[in-house]
Amino acid sequence: MCENGHYFQNSYTECPYCPNTGTSNQASTIAFSDGSTGNTKTSVFNSPNPVSEGRDLSKTTVMPAQQPGTAASSTKSTRRLVGWLVTYDADPNGKDFRLYEGRNTIGYTKDCDVIIDSDNGISSKHATIRYLLGEFEFKDEFSTNGTFHNGQNKKEGILKDGDQLKVGNTVLLFRQSIKN
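Just so we're clear, the structure is a prediction, and the values are computed from it rather than from any experiment.

Undergrad: Just checking my understanding: could you explain the overall build of the protein for this structure?
TA: In terms of regular secondary structure, the protein is built from zero helices and 13 strands. Restricting to contacts in the protein with at least 6 residues of sequence separation, those with at least 24 account for 30%. Carbon together with sulfur atoms contributes 47% to the accessible area of the protein, which is approximately 11,900 Å² in total.

In structure tokens:
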């Protein structure tokens, strides 16, 4: 325990929670018992079974920051960006959603690619947009309120740059980033 009452691992040379004198808004460097170093910025530590790795889950542990390109990085970065959906219904200043190669799901659940949780008319998995072989296809996923393409209720179809999709009460403008 440090003089300010913070608990930390005895392998650290100083308390990671106390501000260092002479630094401004910089994370302090910590030396770990395995010889590695890290900073005190919070990072997510993904471990399939932290208990089996000898970590005590009842205490807070500061782990070194994850390096870019490692397992915890976003999987979306491996898929090519191919378009956007833009709406002003969810936010008056506008909100955009990136579309990537392959399948992009629209809905209110956290496992969707395009999450719109501010509209009660949107189903959990409302629709899918798929980019394949130079074409953007959309498909309604048996949503309660249907999917409207350029004002017409459709179960599926082809999207072109500038088309509108309406899911629930949210109008989404489709913009493609690549030429077909």
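Let's pick the thread back up.
Undergrad: Honestly, unusual backbone geometry in this entry has me stumped. Any pointers?
TA: Leaving glycine out, the prevailing phi sign among residues is negative, and the prevailing peptide bond configuration is trans. Phi at L133 is positive, roughly 55°, even though this residue is not glycine. With respect to the helices, strands and loops of the structure, L133 is situated in the loop between strand 7 (127-132) and strand 8 (135-140). With phi around 55°, F142 is a residue other than glycine that occupies positive phi space. With respect to the secondary-structure elements, F142 resides in the loop between strand 8 and strand 9 (147-149). On the basis of relative accessibility, which here comes to 78%, the residue F142 falls in the exposed class.

Undergrad: Explain the packing of aromatic side chains to me, please; I cannot follow it from the model alone.
TA: In this description, an aromatic ring pair is defined by two values, namely the gap between the centres and the angle between the planes. Counted according to the given criterion, the structure contains two aromatic pairs. Aromatic pair F136 and F174: ring centres 4.8 Å apart, planes at 65°, arrangement edge-to-face. Taken together, the residues span a long stretch of sequence, with F136 in strand 8 and F174 in strand 13 (residues 170-176) at a distance of 38 residues. By relative accessible area, F136 is classed as buried at 1%. Given a relative accessible area of 0%, F174 falls into the buried group.

Undergrad: Teacher, can you tell me more about the side chain of N104 here?
TA: With respect to the element layout, N104 can be found in strand 5 (residues 102-107). Apart from residues no more than four positions distant in its own chain, N104 is found in contact with R79, R98, L99, D113, A127, T128 and I129.

Undergrad: Just to check I follow, could you spell out the sheet that holds strand 4 (residues 95-100) for this structure?
TA: Sheet strands line up and pair through hydrogen bonds in the backbone, either parallel or antiparallel. Across the sheet, six strands lie side by side as 4-3-13-12-9-10; this open sheet has antiparallel pairing. Each of the sheet's edge strands pairs with one partner strand only, and the pair in question is strand 4 and strand 10 (152-153). Judged from the two bridges that link them, strand 9 and strand 10 form a sheet pairing that is antiparallel. Note on strand 10: the bridge partner recorded for H149 is Q152.

Undergrad: Before we go on, may I ask you to explain the pattern of salt bridges in this structure?
TA: Note on pairing: side chains with opposite charge can pair once their charged atoms come close. All told, the structure shown has four salt bridges when counted by the stated rule. K125 serves as the salt-bridge partner of D111, at 2.7 Å between the closest nitrogen and oxygen. Of this pair, D111 sits in the loop between strand 5 and strand 6 (114-115) while K125 is found in the loop between strand 6 and strand 7, placing the two residues 14 residues apart along the sequence. Residue classification places K125 among the partly exposed residues on the basis of a relative accessible area of 34%. Ionic pairing is found between R130 and E137, a salt bridge with its closest N-O pair at 2.8 Å.

Undergrad: Is there a simple way to think about the pairing of strand 7 in this case?
TA: On any regular strand, side chains alternate: one points to one face of the sheet, the next to the other face. Sheet analysis places strand 5 next to strand 7, joined by five bridges and oriented antiparallel. When the sheet's bridge partners are listed, N104 is paired in strand 7 with I129. Hairpin connection between strand 7 and strand 8: a loop of two residues separates the two successive antiparallel strands, and L133 in this loop has a positive phi of roughly 55°.

Undergrad: Sorry if this is basic, but what is going on with the side chain of H149 here?
TA: For H149, the position within the fold is in strand 9. A relative accessible area of 9% places H149 in the buried class. Aside from chain neighbours lying at most four places away, what touches H149 is F138, K154, I158, L159, D163, Q164 and L165.

Undergrad: Teacher, can you tell me more about the confidence of the model for the protein here?
TA: Close inspection of predicted coordinates is inappropriate for parts of the model with low pLDDT. Put simply, the protein has an average pLDDT of 76, and 66% of its residues get 70 or more. Segment residues 40-52: pLDDT under 50, and 20 contacts once partners within four positions in sequence are set aside and those in other chains are kept.

Calculation notes
Residues numbered from 1 in each chain as written. Predicted model: local features only at pLDDT ≥ 70, side-chain atom pairs only at ≥ 80, totals over all residues. Heavy atoms only, no water. Helix = DSSP H or I, 4+ residues; strand = E, 2+ residues; numbered from the N terminus. Contact = heavy atoms within 4.5 Å. Areas by Shrake-Rupley, 256 points an atom, 1.4 Å probe, with all protein chains shown as cover. Buried < 20%, exposed > 50% of the residue type's maximum accessible area, 1.4 Å probe, protein only. Phe/Tyr/Trp six-rings, centres within 6.5 Å; stacked < 30°, edge-to-face > 60°. Pairing = 2+ DSSP bridges. Salt bridge = Lys/Arg side-chain N within 4 Å of Asp/Glu carboxyl O. pLDDT = per-residue confidence, 0-100.

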